[in-house]
Amino acid sequence: MKGQQTFWIILISNLFHVFYLFSFYKLAYMKKVKNIPVYTVIALLLNVCLNFYLIPKYGMEGAAIATVTSELFLACMLFIYSKNKAIKFHG
């Protein structure tokens, strides 16, 4: 049963990754990718810290939750960054 729960958690993580990719490609198209590595490293550190805390308590579900959390963080940060860097058209 644990594997099935972990599967669904990781599936949600992949959904957040798709949202990340939308923002990433938008920023790449606009040539505004300068801060993406910074957000990626922050998400990596968040994932590692959460893994140290959650894996001893919850096992593989903890690792999956850490992954979802870091993917959500990264997707949100890139979405906000892409909204601030969006090309504004004045009609």
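Residues numbered from 1 in each chain as written. Predicted model: local features only at pLDDT ≥ 70, side-chain atom pairs only at ≥ 80, totals over all residues. Heavy atoms only, no water.

Caption draft 1: Local environment of the side chain of Ser 70. With respect to the element layout, Ser 70 can be found in helix α3 (residues 60-84). Of the polar contacts made by the side chain of Ser 70, one reaches the side chain of Asn 47; its length is 2.9 Å. Discounting residues that sit within four places of it in the chain, Ser 70 has contacts with Ala 43, Leu 46 and Asn 47. (Helix = DSSP H or I, 4+ residues; strand = E, 2+ residues; numbered from the N terminus. Polar contact = N/O pair within 3.5 Å; in protein donor to acceptor, adjacent residues only side chain to side chain. Contact = heavy atoms within 4.5 Å.)

Caption draft 2: Spotlight on helix α2 (residues 36-58). Across its 23 residues, α2 extends 31 Å between first and last C-alpha, which sits within 8% of the 33 Å expected from 1.5 Å per residue. All of the buried residues in α2 are Ile 36, Tyr 39, Ala 43, Asn 47, Asn 51 and Leu 54. (Expected span 1.5 Å × (residues − 1). Buried < 20%, exposed > 50% of the residue type's maximum accessible area, 1.4 Å probe, protein only.)

Caption draft 3: Spatial organisation of the confidence of the model for the protein. Per-residue pLDDT for the protein has a mean of 88; in total, 91% of the residues score no lower than 70. Between the elements of the protein, mean pLDDT differs from a low of 87, seen in helix α1 (residues 2-29), to a high of 96, seen in α2. (pLDDT = per-residue confidence, 0-100.)

Caption draft 4: Region of the structure containing the environment of Cys 76. Relative to the assigned elements, Cys 76 resides in helix α3. Residues Cys 76 and Thr 40 lie 36 residues apart in sequence; the distance between their C-alpha atoms is 12 Å.

Caption draft 5: Representation of the packing of α2 against α3. Running from N to C, α2 and α3 cross one another at 160 degrees; their axes reach a closest spacing of 8 Å. Considered as vectors, α2 and α3 are oriented roughly antiparallel to each other. You can see that α2 and α3 cross each other, and the crossing is right-handed. For the contact of α2 with α3, the class distribution of residues is 18 nonpolar, seven polar and one charged. (Axes fitted to C-alpha atoms, helices over the stretch in contact; angles between N-to-C directions. Parallel < 35°, antiparallel > 145°, perpendicular 65-115°, else oblique. Left-handed = near helix turned anticlockwise from the far one by under 90°. Nonpolar A, V, L, I, M, F, W, Y, C, P; charged D, E, K, R; others polar.)

Caption draft 6: A look at a nonpolar patch on the surface. Taken together, the side chains of Val 41, Leu 44, Leu 45, Val 48 and Phe 52 define a hydrophobic patch exposed on the protein surface, amounting to about 500 Å² of accessible area. Tracing the chain through its elements places Val 41 in helix α2. When its relative accessible area of 45% is taken as the criterion, Val 41 is described as partly exposed. (Patch = residues over 30% accessible without salt bridge, like charges linked within 9 Å, V, L, I, M, F, W, Y side chains within 5 Å. Areas by Shrake-Rupley, 256 points an atom, 1.4 Å probe, with all protein chains shown as cover. Salt bridge = Lys/Arg side-chain N within 4 Å of Asp/Glu carboxyl O.)

Caption draft 7: Local environment of the packing of aromatic side chains. With the rule as written, the count across this model stands at four aromatic pairs. Aromatic pair Phe 7 and Trp 8: ring centres 5.2 Å apart, planes at 75 degrees, arrangement edge-to-face. A residue is classified by how much of its surface remains accessible, and Phe 7, at 48% relative accessible area, is partly exposed. In textbook terms, an aromatic cluster arises when at least three aromatic residues are bridged by ring pairs, as seen for Tyr 20, Phe 24 and Tyr 25. (Phe/Tyr/Trp six-rings, centres within 6.5 Å; stacked < 30°, edge-to-face > 60°.)

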